[in-house]
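Close look at the chain arrangement
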Amino acid sequence: MSFLKTSQIKSPWLMHFDCGSCNGCDIETLACLTPVYDVERFGIINVGNPRHADVLVVTGTVNPRNAQILKNIYSQMPDPKLVIAVGACGCSGGVFRDAPNVLGGVDKVIPVDVYVPGCPAKPEAIMDAVVTGLGKLKGILEAS
Amino acid sequence: MNLTTFYLAVAGLILAPLLGGLVAGVDRVVTARLQSRMGPPLMQPFYDVGKLWSKVIPPASNWQGLFVRWALVASLASDVLLAAGADVLMCFFVQAASASFVALGAFCGSSPYSKLGAQRELFQLLAYEPVFLVAILCMAKVSGAFDAYSFMNASAQPLLFKMPLIVPGLLFVVLVKLRKSPFDISASHHMHQEVVRGVYTDYAGRDFALLEIAHWADVVVVLWICSFLWATSVVSMVATAAVFLFAALVIDNVSARLTWRHMLKVVAPISLVLATANLLWLYME
Ligand code: SF4
């Protein structure tokens, strides 16, 4: 693979969006940045700007109000991009799936590449999801 | 201009950005170790730039591409000037022009964070440029000329002994130029800050990659000028630059909550007074 393609896999900048999470999954996502898990060793940086992001990590359920914001953030990210749905809520709506204001999981609004189960999802599982997502991206880049 | 100067200038043009990338890598590894983390690989900044280069995204404003390219040209030109032994004052002004182009590009964007970042970039210029200028004047006073080669072989005795008071000022310049401290500086190196990415917010894809290279070139210029303080040999110059870099990393890690107001109101005046006192002392000697 060329240097440019390799660098796309070695430098995933991650943007975290809290859709409608109870904050359980958010805390676990941020825990990945701490010295215990240290995701920076994979080149991962947590950025606050969708224009700089390669991976969108979404926690929590989608409702009619935040669905538009989620779409907006997704559309501002440059291609190729990955979406990771974190937690039972992000995957399917979790315990809130029958609530009247809940549309369901993240995949009701934007395409999701990797699902991370758990309530809340473990930091190890979130990191594993990013690595799995990068494997998928590698396949796409090699094929292109 | 003779042929050797030409070769040196070309070497400066090619090596400076590479060295800057390496400095950025060392910075990230050392910072991680200071925080008891493992940190990314040394080559991570190069992967980051490669990644940004391969991302295609429409610019936030049509003017930005132009300003980014001018900023890159100015930053690389300042390295070339130093390598070719030209006037250090000229190099200083060209380097300041690069920072202004970045701010102008950010003003063209639509994001309020980008505009706020651009304003802070201008404040920042106001804070460190006078200190930097006085430091260069001190060096020129002792070495008797303004060209880089005179600075590098001024005397057997390192310049540092004649100008100890400019060290805090230079350290301040290194901190700001590395985009390290204060944490809410125009475009903090730390990705999460109160104005998202400040001046860099609206730049993305290839433009951002070019800006990153311009930043590396800037860092090399500043560290290079710092290394004039102990320019008795190449090894001592590299060691001096490394000491400045390491000191900046330590200060950044122990002062996580310094704000830009503190920089403007306290750090800038104190370091300017110290540097000016040193200059007066040199003139009265
Ligand atoms: S999956 Fe559990 S921890 Fe995560 S947001 Fe939903 S309820 Fe909270």
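Attention in this report is confined to the structure presented alongside it.

The rules behind the values
Residues numbered from 1 in each chain as written. Chains lettered and ligands numbered in written order. Predicted model: local features only at pLDDT ≥ 70, side-chain atom pairs only at ≥ 80, totals over all residues. Heavy atoms only, no water. Pairing = 2+ DSSP bridges. Helix = DSSP H or I, 4+ residues; strand = E, 2+ residues; numbered from the N terminus. Axes fitted to C-alpha atoms, helices over the stretch in contact; angles between N-to-C directions. Contact = heavy atoms within 4.5 Å. Buried area = accessible area lost by both parts, 1.4 Å probe. Salt bridge = Lys/Arg side-chain N within 4 Å of Asp/Glu carboxyl O. Polar contact = N/O pair within 3.5 Å; in protein donor to acceptor, adjacent residues only side chain to side chain. Nonpolar A, V, L, I, M, F, W, Y, C, P; charged D, E, K, R; others polar. Right-handed = clockwise from strand over helix to strand, strands pointing away.

The next subject is the sheet that holds strand S4 (residues 82-86) of chain A. Strand pairing in a sheet takes place through backbone hydrogen bonds and is either antiparallel or parallel in direction. Residue and element names in this part refer to chain A. Taken in spatial order, the 5 strands of this open sheet run S2-S1-S3-S4-S5, and their pairing is parallel. A single partner strand is all that each edge strand has here, and the edge strands are strand S2 (45-47) and strand S5 (114-116). Across this sheet, the average inter-strand angle for adjacent strands is 30°, counted without regard to direction. Across 3 bridges, the pairing between strand S1 (residues 13-20) and S2 is parallel. Paired with Met 15 across the two strands is Val 47, which belongs to S2.

Counting residues at the interface gives 33 residues for chain B, matched by 27 residues for chain A. Between chain B and chain A the total buried area reaches about 2,500 Å² when both faces are included, carbon and sulfur atoms providing 58% of it. Across the pair Glu 40 of chain A and Arg 37 of chain B runs a salt bridge whose closest N-O atoms are separated by 2.6 Å. Inspection of the region where chain B meets chain A yields 18 residue pairs in polar contact (both at pLDDT 80 or more). Per-element tally for the side of chain B that touches chain A: the top contributor is helix H2 (residues 44-53) of chain B, with 8 residues. Considered class by class, the residues forming the side of chain B that touches chain A number 18 nonpolar, 8 polar and 7 charged.

Residue and element names in this part refer to chain A. The handedness of the S1 to S2 crossover, carried by helix H2 (residues 24-31), is right-handed. Bridging between S1 and strand S3 (residues 55-60) involves 6 bridges; their strand directions are parallel. Residue pairing for S3: Leu 14 is matched across the bridge by Val 55.

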